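A closer look at the structure
These are the residues of each chain, in order.
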Amino acid sequence: MSDSDTNSDSDSDSFPNSMTERVILVGLPGAGKSTIGRQLARKRGLPFFDSDLVIEERLGETIRTFFAREGEAAFRDLEEQVIDELTLQGRCVLATGGGAVLRGRNRQNMRERGVVVHLHASPEQLMRRLRNDTKRPLLQVADPMARLQDLYKEREPLYKEVADFTFDACSSSPALLVSRVIMQLDLMCRSLLGSETG
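Residues numbered from 1 in each chain as written. Predicted model: local features only at pLDDT ≥ 70, side-chain atom pairs only at ≥ 80, totals over all residues. Heavy atoms only, no water.

A closer look at the overall build of the protein chain
Counting its secondary structure elements, the protein chain contains 8 helices and 6 strands. When the helices and strands of the protein chain are placed in sequence order, the string is β-β-α-β-α-α-α-β-α-β-α-α-β-α. If you take every contact in the protein chain between residues at least 6 apart in sequence, the share linking residues at least 24 apart comes to 77%. Only carbon and sulfur atoms are counted for the fraction: they give 48% of the accessible area of the protein chain, which is about 9500 Å². (Helix = DSSP H or I, 4+ residues; strand = E, 2+ residues; numbered from the N terminus. Contact = heavy atoms within 4.5 Å. Areas by Shrake-Rupley, 256 points an atom, 1.4 Å probe, with all protein chains shown as cover.)

Describing the nonpolar core
Within the largest apolar cluster, 54 residues are counted, with the highest numbers of intra-cluster contacts made by V93, M110 and L119. Residue contacts for L119: discarding those within four places in its chain leaves V26, G27, A31, G32, K33, I36, F167, A169 and L177. (Core = buried A, V, L, I, M, F, W, Y, C linked by side-chain atoms within 4.5 Å. Buried < 20%, exposed > 50% of the residue type's maximum accessible area, 1.4 Å probe, protein only.)

Observations regarding the packing of helix α4 (residues 72-86) against helix α5 (residues 104-113)
One can describe the packing of α4 onto α5 by two numbers: an axis separation of 10 Å at closest approach and a directional angle of 10°. One finds that α4 runs roughly parallel with respect to α5. For the pair α4 and α5, the contacting residues are E80, I83 and D84 in the first and R105, N106, N109, M110 and R113 in the second. Class assignment of the residues belonging to the contact of α4 with α5 gives a composition of 2 nonpolar, 2 polar and 4 charged. (Axes fitted to C-alpha atoms, helices over the stretch in contact; angles between N-to-C directions. Parallel < 35°, antiparallel > 145°, perpendicular 65-115°, else oblique. Nonpolar A, V, L, I, M, F, W, Y, C, P; charged D, E, K, R; others polar.)

Overview of the pairing of strand β4 (residues 92-95)
Residues of β4 alternate between two faces, with C92 and L94 on one and V93 and A95 on the opposite face, all of them buried. Where strand β3 (residues 48-50) and β4 come together, 3 bridges link them in parallel fashion. Opposite D50, over in β4, you have A95 as the bridge partner. (Pairing = 2+ DSSP bridges.)

Here's the deal with the pattern of salt bridges
One pass over the full model with this rule turns up 15 salt bridges. Linking R105 and E80 is a salt bridge whose minimum nitrogen-to-oxygen distance equals 3.2 Å. In this pair, R105 is assigned in helix α5 and E80 in helix α4, connecting sequence segments 25 residues apart. Accessibility expressed as a relative area gives 41% for R105, which makes it partly exposed. The network of salt bridges with common partners includes D77, E80, D84, R103, R105 and R113. (Salt bridge = Lys/Arg side-chain N within 4 Å of Asp/Glu carboxyl O.)

A short note on helix α6 (residues 123-130)
The complete set of buried residues in α6 reads P123, L126, M127 and L130. Summarising the axial view, the buried residues of α6 lie within an arc of 105°, below the 170-degree limit, and thus occupy one face. Those residues of α6 that are buried are in contact with α7 (144-162). (Arc of directions from axis to C-beta.)

Some thoughts on the packing of aromatic side chains
A full pass over the atoms with the stated rule returns 1 aromatic pair. Considering the side-chain rings of F67 and F75, the 5.8 Å spacing of their centres and the 55° angle between planes classify their relative orientation as tilted. One exposure class covers both F67 and F75, and it is buried. (Phe/Tyr/Trp six-rings, centres within 6.5 Å; stacked < 30°, edge-to-face > 60°.)

Section: the environment of L126
Looking at where L126 falls in the secondary structure, it is placed in helix α6. Beyond its immediate stretch of four places on either side in the chain, L126 contacts L28, P29, G30, A31, A121 and L148.

Below is the structure:
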């Protein structure tokens, strides 16, 4: 599912380099990828895609339902297809599922096709955000805190491997975090332009 709300901010066209026109957000469940991604896309006048929503739209059911019936491997296969398609889109902001980095092909496509922004949050911070969440299948367990800690240990090195930039997801408001991401993207863009003209 895409969100093509496009406010025409004065800086919305300041992504002249193709790499910085495709921004891919990664991070653990609850880090704010969809919230930040949607606001970033709106601010920059770019289409927004959420890979989990695209998957659910394609399935005609929730990920939780599919996950329970078909298992994680089947879900990851479908997710890999969707990530491949979405990372070939034109100018956009893409929020990925928390486990998208588990597949090597996904990591390669992210690195090669866009700028990857990692929204970092500790298990303790995420637990405060997700304690009442019933939609994420991997957290529907007896001890969700222990599960988050396991996910963090498993996935954090992969987020670091694929990320161009890492931001603390919990240290500021979404609006301020979006501003920081935009500032870093602009710096990267100017640096790339400088290397091309130099």
